[in-house]
Every structure is written in C-alpha cells, then in structure tokens.
Amino acid sequence: MKVVHVEEPNKIAVIEVDKPVRKSGEALLKIKFGGICGADVKTFIGDQPFTSYPRIPGHEFSAEIAEIDDNKLGLAVGDVVTANPYFNCGKCYSCKRGIVNACTSNETMGVQRDGGFAEYVVMPIDRIYKNNKLTPKQLALVEPFTISYHAVNRGTVKKGDKVLVIGGGAIGIFALISAKLKGAEVYVTDMIPKRLEVAMEKGASGVINPKVDDVYKKVEEITNGNGFDVCIEAVGHSSTFLSAIEHSAFGANIILIGNGKAEATFNHSVLLKKELNMFGSRNSLKSDFEEVIEIIASGKVEIDSLVTDIYEKEDAVQAFNDLVNNDGNRMKSMIKFS
C-alpha cells in the first residue's frame, strides 16, 4: 500500500510498504480522507517536540471498515468511521486516575507511532466511532474539533464569558465554535485577514488584527478595561502565550492549546497578582469524540467550509510543501486516499 513517509525533517515522500494485518480486537480500515494538522506540518519541518522519526504522519482521518470481527459496538464492514488516535498505556498514574489523554507514555498516531496517512491502518475496535449522518469529510474533522472542544471544557468556559481566541487557524476556529456553544461572547485575533473573515463567518463577535489594530485599545474597548474572562492560546508561540497573560482579566482562565518548542520568559508575579488560572490541554477524551459527533450530526454548526484544499494521495508531498508556505488562505487541507 502507499503511505506518506517522513524519513527525517524536511525529507518526505509517498512510498510503498506492506499492508497491515489486523489482530483479534482490531479492525482494518481503508482510509478515505486525512486532514493535515499543524502538528503534521511541524513533524515535516522538524518543529514538533514529540515526534520521533521515521514517521507516517496523520491523526485526523475518516475510513471505511474493510475487515472486522463480530462486536458489541454495532460496527460492521462498510461503515464509514473515525477513530481516537491517542494510545494510552492504562497503567501510569494519569491513566489510573482517568486522565488517559495525558498518559505519561502517550503515543499519538503520526507523532510517537505511525499515523493514518496510508491506504490502510489497523485500529482497536473500541477506538472507532461512527455516525451515519456524518460525511467522510466531516468525520475527518471530528478529531481537530475535539481538541478545541476538550480545551474549552478544561477552562470551564460558560455563558456570558468574554473569550479571546489567539490564533485563527483551524484549531482556533474550532475553539471559537466550542466557546460559542457554551454561550460565550468570542473574539479572535490573528494577523491573517482571511482567517479573521472565517472567524466572523463562524460567529465571532469581533476580530483583532495586530498588524493594523491597536490591540490594547481594542481589548480595552471590548472588555471595558477589564480584560478577557478567558484567553485561549491556539498558536504555540512565546509571544502569543505572553499576550494571553497580558489581555486576561484578574481571576481569568488561560487555556493553552498551541504546541511549540519556543521558551517564554516572563515575571511570574503577574500570575499571582492577577490570580490567573492556567489550563494546559492535551488531546481529547472518548466523551469529547462522542459529544462532538453528536453536535455535528445535529446540524448546530457548519464545518464543511473549513476544508479549503483536497489533494490526491499522490500529491501529498505538494500538500505539505504548500502548507509550509501557507499564506493563511488554506484553513484545512485534506489528502484523499480512497
């Protein structure tokens, strides 16, 4: 079968490998669509702090079940599904406390273990989710949606909160959508006009472009000088982390989704002075997958328009190169495998 293969940073190709063989308790999945996450791009360029090489990237995908045993979950050959790509050990302190998304030995597909950018993968049956109302493209968007949905739940966003989402990429937009589902008043900041346009289309109460706006003045106007009740950092840069602290209200919640290698230097006394609550957010839970799937199936939100580019599997290398040079107009790129 064909797979997308990153031999080492900046060395990517579509190659052929042996088709996987499933074991008892697993299903053989024929991949339909794979969404390219920012983490996949960082794996390609060597800026993902957790990736080991060589690696088949990809953890956002939809697939058709090609082989499966009889099971109690109602899954059958021909079903179109998505899957939870975070593998936990079940034995560590985190797992024993039910925090399986932050397993100390976590292996995420496409990062610490080979991922879904392949014609076929095998998955444990209990990690597979289906909903006949969702299209293959929508199912491939479930995982990135859960990342933001989980983060918003972590930070206990509630009705009436004024929320600032820093970063208008796909994860930032899903954070906007998730916070709005909680009844929050949400603003998005980004330097790319197209992303801000998408944010407004998805219901943002307003946007801030640091390239043209006086950010401090805008924040003061929006919050009556109080700062935001919740700041969601969805970029992963030290500067945006510091912005979250700067623009938060006293007693605010700061939620960190963005992942990067850069260190940040700041005076920690501001955390004490403002009595800030800092929430790191990693991966998501089974409940997040189930709830997000139901939200999409209910028609409460429209997410299809976030897919801006679809590449054939033979053009996967071009897809990655295009995203490295993304001018911001590519919101969510997908690879079509079947």
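Everything that follows concerns the structure shown earlier in this document.
Residues numbered from 1 in each chain as written. Predicted model: local features only at pLDDT ≥ 70, side-chain atom pairs only at ≥ 80, totals over all residues. Heavy atoms only, no water.

(A) Just helix α9 (residues 286-298), in detail. Over its 13 residues, α9 extends 18 Å from the first C-alpha to the last, a length consistent with the 18 Å expected when each residue adds 1.5 Å. Along α9, the residues classified as buried are Asp-288, Phe-289, Val-292, Ile-293, Ile-295, Ile-296 and Ala-297. On its buried face, α9 sits against β5 (80-83), β6 (86-87), β9 (128-130), α3 (136-154) and α4 (170-181). Count one or two residues on from α9 and you reach Gly-299, which has phi positive near 80°. (Helix = DSSP H or I, 4+ residues; strand = E, 2+ residues; numbered from the N terminus. Expected span 1.5 Å × (residues − 1). Buried < 20%, exposed > 50% of the residue type's maximum accessible area, 1.4 Å probe, protein only. Contact = heavy atoms within 4.5 Å.)

(B) Molecular detail of the pattern of salt bridges. According to the stated counting rule, one finds 14 salt bridges in the structure shown. Note that Asp-69 and Arg-22 form a salt bridge whose closest N and O atoms lie 3.0 Å from each other. One end of the pair, Asp-69, is in the loop between β4 (60-67) and β5; the other, Arg-22, is in the loop between β2 (11-16) and β3 (26-35), with 47 residues separating them in the sequence. For Asp-69, a relative accessible area of 29% corresponds to the partly exposed category. Residue classification places Arg-22 among the partly exposed residues on the basis of a relative accessible area of 22%. In this structure, Glu-107 engages Arg-113 in a salt bridge whose closest nitrogen and oxygen atoms are separated by 3.1 Å. Glu-107 sits in the partly exposed class, given a relative accessible area of 30%. (Salt bridge = Lys/Arg side-chain N within 4 Å of Asp/Glu carboxyl O.)

(C) Local environment of the nonpolar core. In terms of nonpolar packing, the biggest core is built from 48 residues, with Phe-145, Val-157, Val-163, Ile-173, Ile-232 and Ile-303 touching the most fellow members. Residue assignment for this core shows that the elements contributing at least two residues are α3, β10 (162-166), α4, β11 (185-189), α5 (193-201), β13 (228-233) and α9. In terms of residues, this core owes the most to one element, α3, which gives nine residues. Sequence-distant contacts of Ile-303, that is, excluding residues within four places in its chain, are made with Gln-138, Leu-141, Phe-145, Phe-174 and Ile-296. One finds Met-109, Ala-316, Leu-323 and Ile-335 within the second-largest nonpolar core, a separate group that totals 36 residues. (Core = buried A, V, L, I, M, F, W, Y, C linked by side-chain atoms within 4.5 Å.)

(D) Up close: unusual backbone geometry. With an omega of -5°, the peptide bond running from Tyr-53 to Pro-54 counts as cis. With respect to the secondary-structure elements, Pro-54 resides in the loop between α1 (38-45) and β4. Phi at Asn-283 takes a positive value of approximately 55°, unusual for a residue other than glycine. Tracing the sequence through the fold places Asn-283 in the loop between β15 (277-280) and α9.

(E) Inspection of the packing of α1 against helix α10 (residues 316-324) at higher detail. α10 packs onto α1 with a crossing angle of 95° between their chain directions and a minimal axis gap of 10 Å. As summarised for this structure, α1 and α10 are arranged roughly perpendicular, according to the angle between their axes. Contact residues: Asp-40, Val-41, Phe-44 and Ile-45 in α1; Phe-320, Asn-321, Leu-323 and Val-324 in α10. Per-class residue counts for the contact of α1 with α10 are six nonpolar, one polar and one charged. (Axes fitted to C-alpha atoms, helices over the stretch in contact; angles between N-to-C directions. Parallel < 35°, antiparallel > 145°, perpendicular 65-115°, else oblique. Nonpolar A, V, L, I, M, F, W, Y, C, P; charged D, E, K, R; others polar.)

(F) Region of the structure containing the side chain of Asp-40. The residue Asp-40 is located in helix α1 in this model. Buried Asp-40, no salt bridge; nearest opposite-charge side chain is Lys-332, N-O distance 6.7 Å. Only 3.1 Å separates the side chain of Asp-40 from the backbone nitrogen of Gly-58, close enough to count as a polar contact. The residues contacting Asp-40, other than those within four sequence positions of it, are Gly-35, Pro-57, Gly-58, His-59, Phe-117 and Phe-320. (Lys, Arg positive; Asp, Glu negative; His and termini not counted. Polar contact = N/O pair within 3.5 Å; in protein donor to acceptor, adjacent residues only side chain to side chain.)

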